[in-house]
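Coordinate inspection notes
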Amino acid sequence: MQAVKIPLKTRLKRMTPGQIALTCVMGAVFIWFIFACMILPILNLLRNVFFDGGSLSLVSFQKLFKSSKAMKSLRNSFILAPTLSLTVGLVGISLVLITEYFDIKGSKVLRLGYMTTLIYGGVTLVSGYKFVYSNNGVLTTFLASIFPNMDKNWFTGYWAVLFTMTFSCTSNHMIFLRNAMRSVDFQTVEAARNMGASQWYILRRVVLPVLLPSLFAVTILTFITGLCAMSAPLMVGGTNFQTINPMIKQFADMTTTSAKSLAATLSLILGISTMILLAIMTAIERRGHYMSVSKVKTKIVKQKINNPVVSVLVHIYAYVLFIIYVIPVVLIVLFSLSDSSHISTRQLDFSTFSLQNYASLLQKTSSYRPFLVSICYSALAAVIVGLLVVVACRFIQKHRNSASGTALEYGLMLPWLLPSTMIALSLIMNYSQPRWYMFNRTLVATLVLLLIGYVIIKLPFTMRMTKAAFFGLDDALEDASKNLGAGEFYTFRRVIFPVLLPTVMAIAALNFNGLLTDYDMSAFLYSPAYPTLGVKIKSLTDEMGNSSDGVALTFVYAVLMMIISAIVLYLVYGRGGRDNIKE
Amino acid sequence: MKKFLALFLALAMVLSLSAALAEEAKGADVKGTGVELVIYTNSGTSGRADWLTERAAQDGYKLTILEEGAGAVQQRLINEGEATPCDVVFGLNAIIWNDLISRGIVTAIDAPSWADEVSAGLNDPNGYYYAIVKQAILLAYDTNQVSPEEAPTDWPDLWEKEEFWTKYESQIKLTGGTTRNVLAGILTRYVDPNGELGVSEEGWAAIEAFFAHGTPVVDGTDLYAQIVNDASPVLMGQMWSSGADQYDATYGTKTGYATPEVGIPYAVEGVAVISYTKNLEEAKRFVEWFGSAQIQGEWSEKFQTMPANELAADKAPASQVAMCSIPAQNIDWALVAENIDAWCEKIMLEYMQ
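Residues numbered from 1 in each chain as written. Chains lettered and ligands numbered in written order. Predicted model: local features only at pLDDT ≥ 70, side-chain atom pairs only at ≥ 80, totals over all residues.

1. What to know about the overall build of chain A
Helices and strands together make up the secondary structure of chain A, namely 26 helices and zero strands. A globule of 583 residues ought to have a C-alpha radius of gyration of about 25 Å, and chain A, at 25 Å, matches this closely. In terms of its C-alpha atoms, chain A occupies a principal-axis envelope of roughly 75 × 70 × 50 Å. Within chain A, the fraction of its 583 residues that count as buried is 45%. In chain A, of all internal contacts separated by at least 6 residues, the share reaching a separation of at least 24 is 77%. (Helix = DSSP H or I, 4+ residues; strand = E, 2+ residues; numbered from the N terminus. Rg over C-alpha atoms; globule rule 2.2 N^0.38 Å. Buried ≥ 20, exposed ≤ 12 C-beta atoms within 10 Å, placed from the backbone. Contact = placed C-beta atoms within 7 Å.)

2. Here we look at the overall build of chain B
The helix and strand inventory of chain B stands at 13 helices and twelve strands. The C-alpha radius of gyration computed for chain B amounts to 21 Å, which stays within 12% of the reference 20 Å derived for 353 residues, consistent with globular compactness. Across its three principal axes, chain B shows a C-alpha extent of roughly 70 × 45 × 35 Å. Every one of the 353 residues in chain B was classed for burial, and the buried ones make up 54%. If you take every contact in chain B between residues at least 6 apart in sequence, the share linking residues at least 24 apart comes to 77%.

3. Describing the interface of chain B and chain A
Contacts between the two partners involve 61 residues from chain B and, on the opposite side, 49 residues from chain A. Breaking the side of chain B that touches chain A down by element, the ones donating at least two residues are helix H2 (48-58), strand S2 (62-67), helix H3 (70-80), helix H6 (177-187), helix H9 (241-251) and helix H13 (333-351) of chain B. Tallying contributions element by element places H3 of chain B first for the side of chain B that touches chain A, with eight residues.

4. Brief notes about unusual backbone geometry
At Ala445 of chain A, a position not held by glycine, the phi torsion is positive, near 65°. With respect to the helices, strands and loops of the structure, Ala445 of chain A is situated in the loop between helix H20 (420-430) and helix H21 (447-471). Residue Leu92 of chain B is not a glycine yet carries a positive backbone phi of 55°. Of note, Leu92 of chain B is situated in the loop between strand S3 (88-91) and helix H4 (94-102). Leu92 of chain B gets classed as buried once you count the C-beta atoms within 10 Å, which come to 28.

5. Some points on the environment of Thr421 of chain A
All names here are of chain A. Tracing the chain through its elements places Thr421 in helix H20. On the basis of neighbour counts, which here come to 22 C-beta atoms within 10 Å, the residue Thr421 falls in the buried class. Placed 198 residues apart in sequence, Thr421 and Phe223 show a C-alpha to C-alpha distance of 20 Å. What Thr421 contacts, discounting residues up to four positions off in sequence, is Lys249, Ala252 and Asp520.

6. Concerning the domain arrangement of chain B
Residues and elements named next belong to chain B. As far as domains go, chain B holds domain 1 (2-135 + 266-323) and domain 2 (136-265 + 330-351). Counting residues at the interface gives 19 residues for domain 1 and 22 residues for domain 2. Residue assignment for the side of domain 1 that touches domain 2 shows that the elements contributing at least two residues are H3, H4, strand S5 (130-142), strand S11 (266-274) and helix H12 (318-323). Split by residue class, the side of domain 1 that touches domain 2 holds eight nonpolar, nine polar and two charged. (Domains from an automatic or database assignment. Nonpolar A, V, L, I, M, F, W, Y, C, P; charged D, E, K, R; others polar.)

7. Comments concerning the confidence of the model for chain A
Parts of the model with low pLDDT should not have their predicted coordinates read in detail. Here chain A averages 88 in pLDDT, while 95% of its residues score no lower than 70. Every residue in residues 576-583 of chain A scores below 50 in pLDDT, and together they form seven contacts with partners more than four places removed in sequence or on other chains. (pLDDT = per-residue confidence, 0-100.)

8. Points about the pairing of S5 of chain B
Along any regular strand, the residues point their side chains to alternate faces of the sheet. All names here are of chain B. Taking burial as the measure, the 13 residues of S5 include 13 buried ones, the bulk of the element. Examined bridge by bridge, S5 and strand S12 (residues 306-307) share two bridges and lie antiparallel to one another. From the neighbouring strand, Lys134 faces S12, where its bridge partner is Met306. As paired strands, S5 and strand S9 (residues 236-240) are joined by five bridges and run antiparallel to one another. Paired with Leu139 across the two strands is Gln238, which belongs to S9. Of the pairings in the sheet, the one linking S5 to strand S10 (residues 255-257) comprises three bridges and is antiparallel in character. When the sheet's bridge partners are listed, Tyr141 is paired in S10 with Gly256. (Pairing = 2+ DSSP bridges.)

9. Structural notes on the packing of helix H6 (residues 122-133) of chain A against helix H7 (residues 138-146) of chain A
Residues and elements named next belong to chain A. In the contact formed by H6 and H7, the axes pass within 3 Å of each other and the chain directions differ by 10°. Classified by the angle between their axes, H6 and H7 sit roughly parallel to one another. Between H6 and H7, the residues in contact are Phe131, Val132 and Tyr133 and Val138, Leu139 and Thr140, respectively. Counted by class, the contact of H6 with H7 contains five nonpolar, one polar and no charged residues. (Axes fitted to C-alpha atoms, helices over the stretch in contact; angles between N-to-C directions. Parallel < 35°, antiparallel > 145°, perpendicular 65-115°, else oblique.)

10. Details of the environment of Phe512 of chain A
Residue and element names in this part refer to chain A. With respect to the helices, strands and loops of the structure, Phe512 is situated in helix H23 (residues 488-516). For Phe512, a count of 26 C-beta atoms within 10 Å puts it in the buried group. Linking Phe512 and Leu569, residues 57 residues apart in sequence, is a C-alpha distance of 9.6 Å. The residues contacting Phe512, other than those within four sequence positions of it, are Ser378, Ala379, Ala382 and Val568.

11. Considerations on the nonpolar core
If you look at the biggest cluster of nonpolar residues, it comprises 267 residues, and the most contacted ones within it are Ile39, Val88, Val89 and Leu138 of chain B. Ranked by residue count, the leading element in this core is helix H26 (residues 550-582) of chain A, at 14 residues. When sequence neighbours within four positions are dropped, the list of residues in contact with Ile39 of chain B reads Leu63, Thr64, Ile65, Leu66, Asp87, Val88, Val89 and Phe90 of chain B. (Core = buried A, V, L, I, M, F, W, Y, C linked by C-beta atoms within 7 Å.)

12. Looking at the domain arrangement of chain A
All names here are of chain A. As far as domains go, chain A holds domain 1 (1-57 + 358-583) and domain 2 (70-335). The interface of domain 1 with domain 2 comprises 31 residues on the first partner and 35 residues on the second. Sorting the residues of the side of domain 1 that touches domain 2 by element identifies helix H2 (17-50), H20, H21, H23 and H26 as the ones contributing at least two each. Here the side of domain 1 that touches domain 2 gets eight residues from one element, more than from any other, and that element is H26.

13. Observations concerning the pairing of strand S1 (residues 36-41) of chain B
Residue and element names in this part refer to chain B. With five of six residues buried, S1 is to be regarded as a mostly interior element. Here S1 runs beside S2; their pairing, made up of six bridges, is parallel. Within S2, the position partnered with Glu36 by the bridge is Lys62. Viewed along the sheet, the connection from S1 through H2 into S2 turns out right-handed. The pairing of S1 with S3 spans three bridges and is parallel. Directly across from Thr41, in S3, lies its bridge partner Phe90. (Right-handed = clockwise from strand over helix to strand, strands pointing away.)

14. Observations regarding H9 of chain B
Most of H9 of chain B is tucked away, with eight of its eleven residues classed as buried. Among the residues of H9 of chain B, Ser241, Ser242, Gly243, Ala244, Gln246, Tyr247, Thr250 and Tyr251 of chain B are the ones counted as buried.

15. Observations regarding the environment of Trp343 of chain B
All names here are of chain B. Note on placement: Trp343 falls in helix H13. Trp343 sits 243 residues away from Leu100 along the chain, and the two C-alpha atoms are 18 Å apart. Ignoring sequence-local partners within four residues, the contact set of Trp343 consists of Leu183, Leu187 and Leu197.

16. Describing the packing of H21 of chain A against H23 of chain A
Residues and elements named next belong to chain A. Interhelical geometry of H21 versus H23 gives an angle of 155° and a closest axis separation of 10 Å. It follows that H21 is roughly antiparallel to H23 by the angle criterion. The way H21 lies across H23 gives a crossing that is right-handed. Along its contact with H21, which presents Tyr454, Lys458, Thr462, Met465, Thr466 and Ala469, the element H23 presents Leu500, Thr503, Val504, Ile507, Asn511 and Leu515. Residue composition of the contact of H21 with H23, by class: seven nonpolar, four polar and one charged. (Left-handed = near helix turned anticlockwise from the far one by under 90°.)

Here you go:
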């Protein structure tokens, strides 16, 4: 449907007083939220950082330009982001084809393997990879027994980072690209085949175009992940491949204005690049409308690969990927039964296995209380973000190409400009004193501050993915509903929302899982009596306070988190997925 | 509100006066009144926070303990400003203490009765913080692999003698307390008011060499895991004293350490009252109770640390007593606190690998 420009006056005339009131209230809520929770705190932070002493200070630019380390790290980030987008894109598409499009033996098991990245990430995931590939990892030890002269430290540098991240960043593909694959209309595939198109041609010219909007969206996410890479470069990058984000984090953790301004400068460079990319992608997306035009969709039937050689190769590829995905998870679970020294030296010794760590952790209130706190916060934040964004996206959808729609969209994308540490700082600094726009309350040490923080950091991702889902909507549905006399709200509630629900739920599940172990936000914002899980886990390996079982306990926590995440995904997405099929 | 506060303060004064009149209690005998205290610390892990909450409850204190890394505690206090719910902070180290003092975040209090029992030079001379636990910051190695004769005797050996190159760990994160103490211990040897950031050119050259010749830390892998790993060249590095014992127990190593002539830096964990506390009297009572030889002795026994209170020293393990008997290096902590961030910034931008 083409968005037709209707003058404001006419639009107002068409609305009932109730609708006008609702629009005003919603508008006020969004404007307040964007200003009070994001723009004002961030501006306050930037003013503090760049205008220390009254005048604009550009010293940090000079310092950074002079620093070869900073420039090299920045360059590495900008090398990693595009290459990672490419490799993750290729692997991601192949995963979706293997699980949803081609007829591959055992595809259900394969799919479970490929979905493991949804339940863990960050430090835990990289540790898992190191159990396999690092100098005392399983694979390296095995290879060294065959080739005694090999360099045991082979898994380091750019390629190691790229490898680890390529296989760990396909989560979004497994959810959103897979959903898109399911909306491919099989009739189009059949038609193409009847006209004599080859399998490869159909894939390229019929299937891929339908995937494009989702592919755009997930590629942006991958690009940002690459740009802001943290754990993988730190843990396997070695001296040659360090990226900029760890440096930003450290500068942000220092107390001086000068260090903070370095952090802000660097993060703005990353943030602005992200925004530029986003704008370009949005423009491309707007130009083409790639949706399938069929009204009666037929579910896709899995395709047998005709060429036997190709079929064998694809099967091998699929199972090699499966092994790459699954082994780190298996090792993490196994090592979580072991003790700290065996984990740190990566020696798998079954005689050290016990459930002792699990038992001691689950017996203490102070250990499982953070679980409850984090679960409550994450669930609440995921729901609030979801609601806010669905309403916002509906507005944007109806006001395509209007200034207010664009402003709202970019307003909600703002948190991509700064890393979460800085956003947390902006909130704590701004609300350590009463502000009129926050009802004259100081929010420091209240329960609500962390919730605001959680909501904010999940806005851009939620926004981007939900918007993609709105774009994928068949406008005919809405038209049909309206023609039948349904009101605006009724149409949204009973027609549009149910179609979006699986995606919205999937996003909420991902947000929930992501927030569960958050440390950066929690560290500064949590209320003293309610520590979150991320804070608790981090403290296990803090220096001078740690105990000898600290490392082992982090793995126990990691496994428990994986279980919770898997349950949530099953409840939300597993079911959502089935509903999808029923459709 | 003001009236209420005035009334409250008056009441508190009357209470404390009457307490003073009725034979002053000391140390662990000072019981809490049940007013809730919020306590920030970086020394709350491994069950310390739980233990303290329970132990304090037995004596009438109601504590809510926030435990985080030292840097995070510092940032939090700075950014929360007057709105902070925190009453008492303990743990940290001299660098952070001096920063908090200069920002007016902690307040000076009258010396608790146990202040004289603490080893000389550890308490803040102006009464802002009082020491509770000593952590020696060591240059540690495994005697199973390096004999004490071959080992370095002081930090400069690492970069000045080629035999140690690549064998020691150089840090990649400069926000940790141990790292900052080590850097302070090196840089304050080269104090020069005319030098860049108060350090002479020679000092910066030393730091450059220190970072150039080390093997960078692999994030997520601790020093001792590298020491026992044959595929890693690392054999030595920085360690805090209570960690040395723990890692030895974990990895089967036997820690040896350098005893430099100039002495070593100590991370002094202390206790202080926040300037903005609304529970000043209870906070002071808690300080009096917490630092007493009785409570510090129990703490030390339970968590194998070295108490600053000499009357409790016999409760600490012999290894800790030995490590913490190395003389303290003479360090101007106020100078360090003022400059450490700028120093770390320079190192990160210019010298780190």
